[in-house]
Amino acid sequence: MISIIQQFGQAYLYSDGYQMTGVAMTLWLLLLSVAIGFCLAIPLAIARNARSPFINIPVWIYTFLFRGTPLYVQLLIIYTGIYSLDAIQHTPALNAFFRQGFNCTILAFALNTAAYTTEIFAGAIKSTPFGEIEAARALGMSRVTLYRRIILPSALRRALPTYSNEVILMLHATTLAFTATVPDILKVARDANSATYDSFDAFGLAALLYLIISFVLIGIFRRAERHYLAFLRP
Amino acid sequence: MRPHGTVFPATRTIKVRPMLSLQGYGPQIWDGTLTTIELSLGSLALSFALGLLGAAGKLSKQPIAQMLATIYTTIIRGIPDLVLMLLLFFSLQIWLNELTDYLGWDQINLDPFTAGIITLGFIYGAYFTETFRGAFMAVPKGQGEAALSLGMNKNLVFRRILFPQMMRFALPGLANNWQVILKATALVSIIGLSDVIKATQDAGRSTFRMFFFSVLAALIYLVLTVLSNGVIKLLERRYAVGVRKMTI
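Residues numbered from 1 in each chain as written. Chains lettered and ligands numbered in written order. Predicted model: local features only at pLDDT ≥ 70, side-chain atom pairs only at ≥ 80, totals over all residues. Heavy atoms only, no water.

Take the overall build of chain A next. A tally of helices and strands in chain A yields eleven helices and zero strands. For chain A, the succession of helices and strands along the chain, N to C, is α-α-α-α-α-α-α-α-α-α-α. Along the first, second and third principal axes, the C-alpha set of chain A runs to 70 × 55 × 25 Å. Split into buried and exposed, the 234 residues of chain A put 48% on the buried side. Across chain A, the fraction of contacts at a sequence separation of at least 24, relative to all contacts at a separation of at least 6, is 73%. About 11900 Å² of surface is accessible on chain A, with carbon and sulfur atoms providing 65% of the total. Counting 17 positive and 11 negative side-chain charges, chain A places the averaged centre of each group 15 Å from the other. (Helix = DSSP H or I, 4+ residues; strand = E, 2+ residues; numbered from the N terminus. Buried < 20%, exposed > 50% of the residue type's maximum accessible area, 1.4 Å probe, protein only. Contact = heavy atoms within 4.5 Å. Areas by Shrake-Rupley, 256 points an atom, 1.4 Å probe, with all protein chains shown as cover. Lys, Arg positive; Asp, Glu negative; His and termini not counted. Charge placed at Lys NZ, Arg CZ, Asp CG, Glu CD.)

Here's what the structure looks like:
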């Protein structure tokens, strides 16, 4: 254990001397994918609740496809599948984008978490008490103001407990990044394992780091819930 | 309608149609799909049992059982499944070797399939524990008390009264967990099991059609998800027998 920490400790935490690795990489992956996913999910969740089937059915198909298949398969399609297509390799911009494992990982993660988040937010929007909407309409609010001032603030608050769950699951999902050569915590652990054959310590250290990150995230979300859902407390 | 007495040609050979042969990789992919299904069902059975055990621990009055169950669910749910899988997969064999050495037995080699079932079952047992705990608490207390007062022993109360009613509350959570397990089996190819992912990746690599075969893997998972949704619907109807739907 001590020798692994001496040899790989820095790589586990932030850098192996060449690039960002370990905890820093995992957190960066998580932050980017969750942020992109969040920004995609809000318009999609509104579209999912649209009355017109031309708007809500495509969104339903998107969430169905991404929630019905494993993230690993989605990553494989994006990382190895798309890059093997001739059309992609012969377009310089796309070629440059898909050649980087990091870009593919972020794309797959963001699309995946956006699908789950869309369903979470759509459910929360749907459960808005109708009286609130009626009251806002009676005050003459436009659709945009209605969403911005009434529906979204209350829906996002109601979605917070479920959303925090999704973020934790996304943290767990970032472990797949190593399959696309992104040096996250698990990649360092695998390197440490193959260098020392001390599997339990190498992966145990990674497990400990993930456990700590999970607990910190849970703590942050608990505080956020106490703050934003204060009106629900007895 | 076919008239009676139609004679089938005697030389009816079963041929794999060219479309299904997938450049010769059809059988491998089919085997991989079966492995994935078996793996998910095996893990489901194990995590179901562990979940019941964990829920019993969490709801028991003994502080030690409570603490053990709480540690189990907290730690397992805080660590990514892939990390646990690698940790357990590599360590299980070492522990098993130490155990067999200690007992003086021959070495037992864990194949990836068994290791996969054990690790997935152990991981998702923690999630099932939480589902079952919530469901048991949702069964009205009077039900168990009434059964006890009729002279049923604890076993019988569990089997005839608590379990069937608990299942109705647990089903939505179980369905969710099942979908997660099914998708988590995709990770087992990373520890070397030749499941549907491994088969499609091999096929893609040697035919240079990665995109096609990766999408095929996704489609297979999609079909499995849709099929299991149907089964869940049937189960929900079965366990909701005798419950009146709210109508206004």
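Next comes the rest of the write-up.
Generally speaking, soluble globular proteins have nonpolar side chains that are buried together. Counting residues in each nonpolar core, the largest one holds 121 residues, and the members touching the most others are Tyr 12, Leu 176 and Leu 186 of chain A together with Ile 29, Phe 132 and Met 166 of chain B. Counting residues per element, this core draws most heavily on helix H9 (residues 143-173) of chain A, at 13 residues. Once residues within four sequence positions are removed from consideration, Met 166 of chain B is found in contact with Leu 52, Phe 132, Ala 135, Phe 136 and Val 139 of chain B. (Core = buried A, V, L, I, M, F, W, Y, C linked by side-chain atoms within 4.5 Å.)

Helix-helix packing is described using two parameters, namely the angle between the two axes and the distance between the axes. All names here are of chain B. For the pair helix H7 (residues 154-184) and helix H9 (residues 210-239), interaxial distance at closest approach is 10 Å and the crossing angle is 180 degrees. Judged on the interaxial angle alone, H9 and H7 are roughly antiparallel. Counted together, Pro 164, Met 167, Arg 168, Leu 171, Pro 172, Ala 175, Trp 178, Gln 179 and Leu 182 of H7 and Tyr 221, Leu 224, Thr 225, Ser 228, Asn 229, Ile 232, Leu 235, Glu 236 and Tyr 239 of H9 form the full contact between these two elements. Taken together, the residues that form the contact of H7 with H9 break down as twelve nonpolar, four polar and two charged. (Axes fitted to C-alpha atoms, helices over the stretch in contact; angles between N-to-C directions. Parallel < 35°, antiparallel > 145°, perpendicular 65-115°, else oblique. Nonpolar A, V, L, I, M, F, W, Y, C, P; charged D, E, K, R; others polar.)

Here we take up the packing of helix H2 (residues 26-59) of chain B against helix H3 (residues 63-78) of chain B. Residue and element names in this part refer to chain B. Close contact between H2 and H3 brings their axes to 7 Å; oriented N to C, the two are set at 130 degrees. It follows from the interaxial angle that H2 and H3 lie oblique. Note that H2 runs across H3; the crossing there is left-handed. Residues Leu 50, Gly 54, Gly 57 and Lys 58 of H2 lie in contact with H3, whose contacting residues are Ala 65, Gln 66, Ala 69, Thr 70, Tyr 72 and Thr 73. Of the residues contributing to the contact of H2 with H3, the split by class is four nonpolar, five polar and one charged. (Left-handed = near helix turned anticlockwise from the far one by under 90°.)

Here helix H8 (residues 196-207) of chain B contains twelve residues, and its C-alpha end-to-end distance of 16 Å stays within 8% of the 16 Å for a straight helix at 1.5 Å per residue. Taken residue by residue, H8 of chain B has Val 196, Ile 197, Ala 199, Thr 200, Gln 201, Ala 203, Gly 204 and Thr 207 of chain B as its buried positions. The inward-facing, buried residues of H8 of chain B abut helix H4 (71-81) of chain A together with H2 and H9 of chain B. At the exit of H8 of chain B stands Phe 208 of chain B, carrying a positive phi of roughly 60 degrees. (Expected span 1.5 Å × (residues − 1).)

The next thing to look at is the interface of chain B and chain A. Taken together, the contacts link 32 residues of chain B with 34 residues of chain A. Here chain B packs against chain A, burying approximately 2800 Å² in sum over the two surfaces, 80% of which is carbon and sulfur. Summed over the shared surface of chain B and chain A, the result is zero salt bridges. The tally of links from chain B across to chain A stands at five residue pairs in polar contact (both at pLDDT 80 or more). At the level of elements, H3, helix H4 (81-103), H8 and H9 of chain B are the ones that each hand at least two residues to the side of chain B that touches chain A. Looking at side-chain class alone, the side of chain B that touches chain A contains 23 nonpolar, seven polar and two charged residues. (Buried area = accessible area lost by both parts, 1.4 Å probe. Salt bridge = Lys/Arg side-chain N within 4 Å of Asp/Glu carboxyl O. Polar contact = N/O pair within 3.5 Å; in protein donor to acceptor, adjacent residues only side chain to side chain.)

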